[in-house]
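# Structural overview for review
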Amino acid sequence: MDDKKNGQAPSTTDRPIIEIIGMHKWYGEFHVLSDINLKVQEKERIVICGPSGSGKSTLIRCINRLEEHQRGRIIVDGIELTNDVKNIEKVRAEVGMVFQHFNLFPHLTIVENLTLGPIWVRKMPRKEAEEAAMKYLEKVKIAEQAKKFPGQLSGGQQQRVAIARSLCMSPRVMLFDEPTSALDPEMIKEVLDVMIDLAREGMTMLVVTHEMGFAKSVADRVMFMDEGQIVEENNPNDFFDNPQHERTKLFLSQIL
Amino acid sequence: MSQSNPVKAREHLKPPVTEVGVLGWIHQNLFNNWFNSLLTLLALYGLFVTIPPMFKWAFVDSLWFSGPEACREIDGACWSIIPSNARFIFLGFYPEDQQWRPLIAMILLFVLVFYTQNRKSWNRALFPIWVCGLFVMGWLMHGGLGLPVVETAKWSGLPLTLILALFGMVGAYPLGVLLALGRRSKLPVIHSLSVVYIELIRGVPLISMLFMSSIMFPLFLPEGVTFDKVLRAQVAIILFTAAYIAEVVRGGLQAIPKGQYEAADSLGLKYGQAMRLIILPQALKIVIPPSVGILISAFKDTSLVVIIALYDVLKTTKVTLSNPEWMGYSSEAYLFLAVLYFIFCYAMSSYSRKLEKALHTGH
């Protein structure tokens, strides 16, 4: 279901930016993901929720091949993910990822964290990369910390830096893997605000999160996963007000 | 309206005398119970018994610049053995008329090391500077291009020790890092080769490797082909030290959280870039203390080359002691050597502490 609400312009091509067809993944004997089918159009915002262990993080980690899938196809921006390292690097450069634990590089300053990708992957001149980095740091309202090291920043600030680091690569898609789960409650808002701004600007986003407020306000689609399957997906209004599936109802009753 | 308790004006009292200052320190550290008090007194008595006679031997009754005859008359230390034999101890069999060459080479080496220890000079120019410096040093030591050639067999004393140690470290460290990466590789051939190499080398004493390099290795070479003996010892030291470095570096690599690899990957960095820019800088920083430990022991282990008849500074000192005129002053000579080795090793360890501090970024 391609719900084009908010009068969104359809993407220039009809090709979805991410296409997952009949994808399965196992950890040893354990079947983590089962028959995943998903199409993501450009500028779509998708929120994925579900109980822990349902495979939602694994799913988005498959999209930039931090995890390998064993069956089915994943096609990102026209490139199919296989064992071809060159293709994987190409896809990763186009897909930004924000982690639960930020994963900033502690030995580099904030601005060095941001320019690393553009300089080494995009071959951008250092000066230009630094200017771009400052622009993104301003966007996440943290420019004054540019010369500090990650260890000197609070969790919320680090996560905003991590978002800016991904944005510096001008990605086509952003993946968020529980970006607010490791944060103190008062810091969650500052990170969500940045993500909401990003969504408003039309970034294609896949967000694994338990922040249902975020899902309600910005998502085009909400997906509920359980036991490695996409159980239900719908636009946020119908998803929250009128869940179809028993497991979804149970999950929503527990977290809302 | 709730009423808070009135706060009493705060008094600033001094802590008890027995808790602070010199008295406090003495009380807390030396006399905090009867057993420790007893130990303190025993230690003081021990120092009283040993220090004054040693001081008398080393500094009061001693001779510093005299001939061997004068030394026979005194009870104290005969430090004269060092200055009188300095040339042989430091330079060994290097031809006397050419001895300015190793001296300049050593000065050049110290200048290079001193220049490099400043982190500000770690830039693109550093590598070419070292290549030039080493070329000049090699030219000075070996000769050619207008200088008379001095065979490496005649290189001895301190220059030999320093060359073996420095090249041993500089060669072993990168090799060790590569082996550590190899051992963590997912490619089975590279992984098993690294494991076999590391375990094999670590299972063999350095002495036996030096023996193999100097006695067994030439047997396998076709007739007429020879490798320089110093070079063979150098290679043995590098191969030996690298295996130890590899295990230490592997420990550092394991200490880097998986998230760092994932963050590097998700930016689209290639394996080499991720290692060079993200993983190794962090891992190598963690392992500074143990790697410097290995480098220090490698420095001291260079003295084992005596068993393949290379005359490092330890051996030249021993040879001096076998001179009948200076026989019997081995305490002085070995104390001097101990101080010499200590200076180099202490310089390394204090530099490593400085580096650790400078690289700390508050996480």
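Predicted model, so just to flag it, every value in this text is computed and none were measured. (Residues numbered from 1 in each chain as written. Chains lettered and ligands numbered in written order. Predicted model: local features only at pLDDT ≥ 70, side-chain atom pairs only at ≥ 80, totals over all residues. Heavy atoms only, no water.)

If you tally the helices and strands in chain B, you get 15 helices and zero strands. For chain B, whose C-alpha radius of gyration is 28 Å, the value lies well above the compact-globule estimate of 21 Å for 363 residues. With the C-alpha coordinates of chain B rotated into their principal frame, the extents come out at 105 × 75 × 40 Å. In chain B, which comprises 363 residues, the share counted as buried stands at 40%. If you take every contact in chain B between residues at least 6 apart in sequence, the share linking residues at least 24 apart comes to 67%. Roughly 21200 Å² of accessible area belongs to chain B as shown, and the carbon and sulfur atoms make up 71% of that amount. (Helix = DSSP H or I, 4+ residues; strand = E, 2+ residues; numbered from the N terminus. Rg over C-alpha atoms; globule rule 2.2 N^0.38 Å. Buried < 20%, exposed > 50% of the residue type's maximum accessible area, 1.4 Å probe, protein only. Contact = heavy atoms within 4.5 Å. Areas by Shrake-Rupley, 256 points an atom, 1.4 Å probe, with all protein chains shown as cover.)

This next bit is on the sheet that holds strand β10 (residues 229-234) of chain A. Residue and element names in this part refer to chain A. An order of β6-β7-β8-β3-β9-β10 is seen for the six strands of this open sheet, with the pairing classed as mixed. At either margin of the open sheet sits one strand with a lone partner, and together these are β6 (95-98) and β10. Between one strand axis and the next, the sheet turns by 20° as a mean value, whatever way the strands run. Bridge count between strand β3 (residues 45-49) and strand β8 (residues 204-208): four bridges; the pairing is parallel. In the strand pairing of β8, Ile48 is matched with Val208. (Pairing = 2+ DSSP bridges. Axes fitted to C-alpha atoms, helices over the stretch in contact; angles between N-to-C directions.)

Enumeration over the complete set of coordinates arrives at one disulfide over all chains. Between the sulfur of Cys71 of chain B and that of Cys78 of chain B lies a disulfide, 1.9 Å long from S to S. Between Cys71 of chain B and Cys78 of chain B the disulfide shows an S-S torsion of about 75°. By sign, it is right-handed. For Cys62 of chain A, which is in no disulfide, the shortest distance to another cysteine sulfur is to Cys49 of chain A and amounts to 18 Å. Using a relative accessible area of 0% as the deciding quantity, one classes Cys62 of chain A as buried. (Disulfide = S-S within 2.5 Å.)

What follows covers the environment of Phe149 of chain A. As for its placement among the helices and strands, Phe149 of chain A is situated in the loop between α4 (126-139) and α5 (155-167). The spatial distance from the C-alpha of Phe149 of chain A to the C-alpha of Pro106 of chain A is 6.5 Å, given a sequence separation of 43 residues. Not counting the four nearest positions on each side in its chain, Phe149 of chain A is found in contact with Pro106, His107, Leu108, Thr109 and Ile110 of chain A together with Thr361 of chain B.

Any pair of aromatic rings gets described here by the distance separating the centres and the angle formed by the planes. The tally for this structure, following the rule as stated, stands at 16 aromatic pairs over all chains. When the centroid spacing of 5.2 Å and the interplanar angle of 90° are considered together, the rings of Phe239 of chain A and Phe240 of chain A count as edge-to-face. Accessibility assignment for this pair places Phe239 of chain A and Phe240 of chain A in one class, buried. A centroid spacing of 6.1 Å and a plane angle of 80° characterise the contact between Phe90 of chain B and Phe336 of chain B, whose relative ring orientation is edge-to-face. Here Phe90 of chain B is found in helix α4 (residues 81-91), whereas its partner Phe336 of chain B is found in helix α15 (residues 330-359), with 246 residues between them in sequence. A relative accessible area of 26% means that Phe90 of chain B is categorised as partly exposed. Across from the ring centre of Phe105 of chain A, 4.5 Å away, lies the NZ or CZ of Arg165 of chain A, which sits over that ring. (Phe/Tyr/Trp six-rings, centres within 6.5 Å; stacked < 30°, edge-to-face > 60°. Lys NZ or Arg CZ within 6 Å of the ring centre and 35° of its normal.)

All right, on to the confidence of the model for chain B then. Interpretation of this model should avoid reading the predicted coordinates in detail wherever pLDDT is low. In this model, chain B carries a mean pLDDT of 89, and residues with pLDDT of at least 70 account for 97%. The ipTM for the predicted assembly is 0.90, set against a pTM of 0.84. (pLDDT = per-residue confidence, 0-100.)

At the interface, 25 residues of chain A touch 21 residues of chain B. Together chain A and chain B conceal approximately 2000 Å² of surface at their shared face, both sides included; 61% is due to carbon and sulfur atoms. In terms of surface lost to chain B, no three residues of chain A exceed Pro106, His107 and Trp120 of chain A, which account for 27% of the buried area on that side. Our count for the contact surface shared by chain A and chain B stands at two salt bridges. Two residues, Glu262 of chain B and Arg61 of chain A, come together in a salt bridge whose shortest N-O distance is 2.5 Å. Where chain A meets chain B, there are seven residue pairs in polar contact (both at pLDDT 80 or more). (Buried area = accessible area lost by both parts, 1.4 Å probe. Salt bridge = Lys/Arg side-chain N within 4 Å of Asp/Glu carboxyl O. Polar contact = N/O pair within 3.5 Å; in protein donor to acceptor, adjacent residues only side chain to side chain.)

Moving on, we get to helix α2 (residues 85-94) of chain A. Three or more residues of α2 of chain A are buried, namely Asn87, Ile88, Glu89, Val91, Arg92 and Ala93 of chain A. Structurally, the start of α2 of chain A carries an N-cap: the backbone nitrogen of Lys86 of chain A is 2.9 Å from a side-chain oxygen of Asp84 of chain A.

As a further point, take unusual backbone geometry. All names here are of chain A. Despite not being glycine, Phe102 shows a phi value in the positive range, around 65°. Counting through the fold element by element, Phe102 comes out in the loop between β6 and α3 (110-120). Phi at Ser170 takes a positive value of approximately 45°, unusual for a residue other than glycine. The residue Ser170 is located in the loop between α5 and β7 (173-177) in this model.

Residues at a pLDDT of 70 or more form 95% of chain A, whose mean pLDDT is 91. Contacts of residues 1-11 of chain A to residues separated by more than four positions or lying in other chains number 21 contacts, the stretch itself having pLDDT below 50.

Residue and element names in this part refer to chain B. A complete count under the given rule lists 32 salt bridges over all chains for this structure. Across the pair Glu199 and Arg202 runs a salt bridge, and its minimum N-O distance is 3.7 Å. On the criterion of helical spacing, the pair formed by Glu199 and Arg202 is a turn pair, its members being three residues apart in helix α8 (residues 188-202). Since its relative accessible area comes to 35%, Glu199 is described here as partly exposed. A residue is classified by how much of its surface remains accessible, and Arg202, at 32% relative accessible area, is partly exposed.

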